[in-house]
Amino acid sequence: MLDVHRLRVFRSVVASGSVQAAASNLGYTPSAVSQHLTALQRETGLTLLAKAGRGLRPTAAGHALAAEADRVLARVGAAESLIADLRTGRTGTLSIAYFASVGAAWMPHVVRCILADFPGVRLDLQLREHIPDSREERADVQVIVAGATGFDPGSGFTAHHLLDDPYVAVVPAGHRLAGRPETDLADLADERWVDNDFARGWCRANLLEACTAAGFRPAFRVEAHDYRTALAFVAAGIGLTVLPALGAAHLPAGVTCVRLLRPTPTRSIHVVVHDAVEHTPAARMAVTALRAAAQSAPTPITP
């Protein structure tokens, strides 16, 4: 059985680079740190550290144990937080993951609603574009995007549909389409495009599939890392960009928005809730607040 405290001392030495530095950081004597290291190496039967000048460096085994220790200590930290919550009368922790374009649009409202009714809840907010493969890494509540035809959240999780979010074209003022309320997607085939999804995520793949259905592949002139930067490029006259309507809710000056037809790429937004927490008051409030935010989602507004 490994001693968790010794793992903490070991990780401090690895992070600090020497026994002396770790002792200073931990408030221990160098002798006490050395004793913990000796005991840990004896318990594991491994050489975990080697001399490197005046300091120490982890061996291959030390690197592997340090990585595993991080995971162990994170779990211990979570348990300690739970105990602290219970001792102080808090009602627990709720983790909520969300993707970027709903962060500023919805999450302030959601967090305000939860904390107004449950001020003792500790919220763990995570910016996350994808659902983790591991069930243990998944959040209690996650806002995700998927196709409009159906979504399987996986065993042990329940999905609630929030919103179907059609894509729109954003063009510079003075563009040939600027005065039109709508256009066919194929009408954008020969335009200069600004990419807005450097991560090559689901939303971009969905757009490319719609363009393929319309008979062309977009000619991306420049790549932006987020919607706001892409809109700034459009305002500068570099090209047009196509993005979900939620991402175009507040447009900068110098651009205008055009609805897309035949086909209209659409992403479906869901909230996925872990079945183990679905009936807790905080989780129910999160779902209710997200539904309210989705129902009041603004449409693109051209300044």
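This structure is a prediction, so every number in the text was calculated from the model and none was measured.

About the criteria used
- Residues numbered from 1 in each chain as written.
- Predicted model: local features only at pLDDT ≥ 70, side-chain atom pairs only at ≥ 80, totals over all residues.
- Heavy atoms only, no water.
- Helix = DSSP H or I, 4+ residues; strand = E, 2+ residues; numbered from the N terminus.
- Buried < 20%, exposed > 50% of the residue type's maximum accessible area, 1.4 Å probe, protein only.
- Axes fitted to C-alpha atoms, helices over the stretch in contact; angles between N-to-C directions.
- Left-handed = near helix turned anticlockwise from the far one by under 90°.
- Contact = heavy atoms within 4.5 Å.
- Nonpolar A, V, L, I, M, F, W, Y, C, P; charged D, E, K, R; others polar.
- Expected span 1.5 Å × (residues − 1).
- Bend = angle between axes of the 7 residues up to and from the residue.
- Pairing = 2+ DSSP bridges.
- Arc of directions from axis to C-beta.
- Phe/Tyr/Trp six-rings, centres within 6.5 Å; stacked < 30°, edge-to-face > 60°.
- Lys NZ or Arg CZ within 6 Å of the ring centre and 35° of its normal.

Colleague: Whenever I open this one, the environment of serine 34 confuses me. Can you help?
Modeller: With respect to the helices and strands, serine 34 occurs in helix α3 (residues 30–44). For the pair serine 34 and valine 13, spaced 21 residues apart in sequence, the C-alpha separation works out to 9.7 Å.

Colleague: I'm lost on the environment of arginine 228 in this one. Help?
Modeller: In this structure, arginine 228 sits in helix α7 (residues 227–235). Classification of arginine 228 as exposed rests on a relative accessible area of 72%. C-alpha of arginine 228 to C-alpha of proline 252: the two residues are 24 residues apart in sequence and 8.8 Å apart in space.

Colleague: Where do I start with the packing of helix α5 (residues 100–117) against helix α8 (residues 281–295) in this structure?
Modeller: Axis angle and axis distance: for two packed helices, these are the angle between their axes and the distance between the axes, and together they describe the pair. Where α5 meets α8, the axes come as close as 9 Å, and the angle between the chain directions of the two elements is 145°. Note on packing geometry: the crossing formed by α5 with α8 is right-handed. Of α8, the residues touching α5 (which contributes Trp106, His109, Val110, Cys113, Ile114 and Asp117) are Ala282, Met285, Ala286, Ala289, Leu290, Ala292, Ala293 and Ala294. Among the residues forming the contact of α5 with α8, the class breakdown is twelve nonpolar, one polar and one charged.

Colleague: What am I meant to see in α5 here?
Modeller: Three or four residues apart is the spacing at which side chains of an α-helix point the same way, because the helix has 3.6 residues per turn. In a regular helix each residue adds 1.5 Å, so 18 residues correspond to 26 Å; α5 covers 25 Å between its end C-alpha atoms and thus fits that length. By the largest-angle criterion, tryptophan 106 marks the main kink of α5, which is about 55°, and a proline, proline 108, follows within four residues. Looking at α5, one finds that the buried residues are Ser101, Val102, Gly103, Trp106, Met107, Val110, Val111 and Ile114.

Colleague: Could you clarify how one ought to interpret the pairing of strand β1 (residues 49–52) in this entry?
Modeller: Sheet faces and side chains relate simply in a regular strand, where the side chains alternate between the two faces. Looking at chain direction, β1 and strand β2 (residues 55–58) are connected through four bridges and run antiparallel. Bridged to leucine 49 within β2 is proline 58. Counting the residues between successive antiparallel strands, the hairpin from β1 to β2 contains two residues, one of them, glycine 53, with a positive phi of roughly 65°.

Colleague: Is there a simple way to explain α3 in this structure?
Modeller: Its 15 residues place the ends of α3 21 Å apart at the C-alpha level, agreeing with the 21 Å of an ideal helix rising 1.5 Å per residue. Taken residue by residue, α3 has Val33, Leu37, Ala39 and Leu40 as its buried positions. Burial along α3 is one-sided: seen end-on, the buried residues are contained in an arc of 165°. Exposed positions of α3 whose direction lies more than 90 degrees from the buried face are Gln35 and Arg42.

Colleague: Looking at this structure, I do not really get the packing of aromatic side chains. What am I missing?
Modeller: To describe a pair of aromatic rings, one takes the distance between the centres and the angle between the planes. Tallied over the full model, the rule gives two aromatic pairs. Taken together, a centroid distance of 6.1 Å and an interplanar angle of 55° make the contact between tryptophan 193 and phenylalanine 216 tilted. Remark: phenylalanine 216 occurs in the loop between α6 (202–213) and β9 (219–223) and tryptophan 193 occurs in strand β8 (residues 192–195); sequence separation between them is 23 residues. The residues tryptophan 193 and phenylalanine 216 share a single accessibility class, namely buried. Joined through ring pairs, the aromatic side chains of Trp193, Phe216 and Phe220 make up one cluster. The ring of phenylalanine 157 is capped by arginine 138, whose NZ or CZ atom sits 3.5 Å from the centre of that ring.

Colleague: Just to check I follow, could you spell out the environment of alanine 230 for this structure?
Modeller: Secondary-structure assignment places alanine 230 in helix α7. Its relative accessible area of 1% is what places alanine 230 among the buried residues. Between the C-alpha atoms of alanine 230 and valine 121, which are 109 residues apart in sequence, the distance is 37 Å. Once you skip the residues sitting within four places of it in the chain, alanine 230 turns out to touch Val194, Asp195, Asn196, Ala224 and Thr241.

Colleague: Sorry if this is basic, but what is going on with the pairing of strand β12 (residues 266–274) here?
Modeller: Of all nine residues in β12, eight are buried, a share of seventy percent or more. Here strand β6 (residues 157–172) pairs with β12 via nine bridges, running antiparallel. For histidine 161, the partnering residue across the bridge sits in β12 and is histidine 270.

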